[in-house]
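# Coordinate inspection notes
Below are the chains, spelled out letter by letter.
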Amino acid sequence: MPSTASRRPVAVAAAGCSSSSSSSSSIGGGTTAATTAAAAAAAARRRNEIFVDVIERVSAVLTPAGQLMRAAVDGTIQMKSYLDPPPLLKLALTDQISINDLSLFESEGLLLFKPPAGEFSLLNYSLPYLLSVPFRLFPAVEELAHGKAEVTLRLRADLPEQCSAANLCVSVSIPKSTTSASLEVSPPILSQGGEFIPSEHRVQWLMKKMQGGSEVVFRARLAFNPSLPLPTRAEFGPATLGFEVPMYNVSSLQG
């Protein structure tokens, strides 16, 4: 089992980064695959840069009132290097985040490494708790006349206003006796539409984008099989939310 410790990566800095240049000459007027590949390689070397991506997966459980019960983060630091020659890089650490493999570190709180050319995964980390999450979801169920019910999901984006989430999927499980569902979204311009999936006993809505600080309300009016007993409230839910937020991470880790 890999050892863990309470650490937090905060920055990646190059130590003694140097640039390189190259020149080439050719004989004849034709262009060959070899010269094209050499030119592409030389161009890549001249870029002399490195890209750092911090990717985090957030798992959270909320009460029906929208209160946070528990939340955790699993993250990874991905890099793509065009540095030639590769310099010595430093990754500094502070408390809070658990690193999954401390054998990578030459001394406590500091990782020294030379990045290989191309794309690679530097390390994985985890945060076992969060005080806040990017979204709050508030569900409600109202019984209607003639054996029907309405499920309402109010989604609030607790992101900074300059951030926006993409590829959102809001889903809620519904009773197995549901025969039809009429879906709505307010405001409607934000949604790609809703779908009733009888085989999975759930309804879902897809959204391309949602801005930080905004709210969206999803409604599903359900009709049930009249030959079966009316469903209880325990047969509704849970509600789930999937999303992506570019250029934002909940752990405040900076690469």
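These lines cover the structure that appears in this document, whether it is placed above or below.

Rules used throughout
- Every chain is numbered on its own, with residues counted from 1 as its sequence reads.
- Predicted model: local features are reported for residues with pLDDT of at least 70 only, side-chain atom pairs are reported and counted for 80 or more only, and whole-chain, interface and lining totals are derived from all residues.
- Only heavy atoms go into the side-chain values, all of them from the structure, while hydrogens and water stay out.
- Classification of residues uses two cut-offs on accessible area relative to the type maximum, computed with a 1.4 Å probe and protein chains only: under 20% is buried, over 50% is exposed, and between them is partly exposed.
- Secondary structure elements follow DSSP: runs of H or I of four or more residues count as helices, runs of E of two or more count as strands, with numbering from the N terminus.
- One bridge is not enough; two strands pair if DSSP finds at least two bridges between them.
- Any Lys or Arg side-chain nitrogen found within 4 Å of a carboxyl oxygen on Asp or Glu counts as a salt bridge.
- Throughout, a residue-residue contact means that at least one pair of heavy atoms, one from each residue, lies within 4.5 Å.
- Only Phe, Tyr and Trp rings take part, Trp by its six-membered ring, and two of them pair if their centres are within 6.5 Å. Stacked means planes under 30 degrees apart, edge-to-face means over 60, and tilted covers everything else.
- Whether a charge lies above a ring is judged from NZ of Lys or CZ of Arg, which has to be within 6 Å of the ring centre and within 35 degrees of the ring normal.
- Helix axes are fitted to C-alpha atoms over the stretch in contact, other axes to C-alpha atoms as well, and angles between N-to-C directions run from 0 to 180 degrees.

Right, let's get into the pairing of strand E8 (residues 148–157). Where burial is concerned, most of E8 is hidden: 7 out of the 10 residues are buried. As judged from the 10 bridges shared by strand E7 (residues 135–144) and E8, these two strands associate in the antiparallel manner. Pairing of Phe135 across the sheet is with Ala157, part of E8. In this structure, the hairpin formed by E7 and E8 is closed by a connection of 3 residues, where His146 is found at a positive phi of approximately 60 degrees. Where E8 meets strand E13 (residues 215–224), 9 bridges bridge the pair, whose relative direction is antiparallel. Pairing of Arg154 across the sheet is with Val217, part of E13.

This next bit is on the pattern of salt bridges. Overall, the coordinates contain 6 salt bridges when judged by the stated rule. Close ionic contact of Glu184 with Arg221 constitutes a salt bridge, the shortest N to O distance being 2.8 Å. Here the residue Glu184 occupies a position in strand E10 (residues 178–186), and Arg221 occupies one in strand E13, the gap between them amounting to 37 residues. Across the salt bridge formed by Arg202 and Glu200, the nearest N and O atoms sit 2.5 Å from each other. Where salt bridges share partners, they join Arg136, Arg156 and Asp158 into one cluster.

For Pro238, the position within the fold is in the loop between E13 and strand E14 (239–244). Spatially, the C-alpha atom of Pro238 lies 8.5 Å from that of Ile174, the residues being 64 residues apart in sequence. Excluding residues within four positions of it along the chain, Pro238 makes contact with Ser171, Val172 and Ser173.

Moving on to the packing of aromatic side chains. Applying the stated criterion across every chain yields a total of 4 aromatic pairs. The ring of Phe138 carries Arg154 above its face, with NZ or CZ at 4.2 Å from the centroid.

Strand order in the open sheet made by the 4 strands is E7-E8-E13-E10, with antiparallel pairing throughout. Either end of the sheet is taken by a strand with one partner, and the two such strands are E7 and E10. For this sheet, the mean inter-axis angle between neighbouring strands, taken without regard to orientation, is 15 degrees. Judged from the 8 bridges that link them, E10 and E13 form a sheet pairing that is antiparallel. From the neighbouring strand, Ser182 faces E13, where its bridge partner is Arg221.

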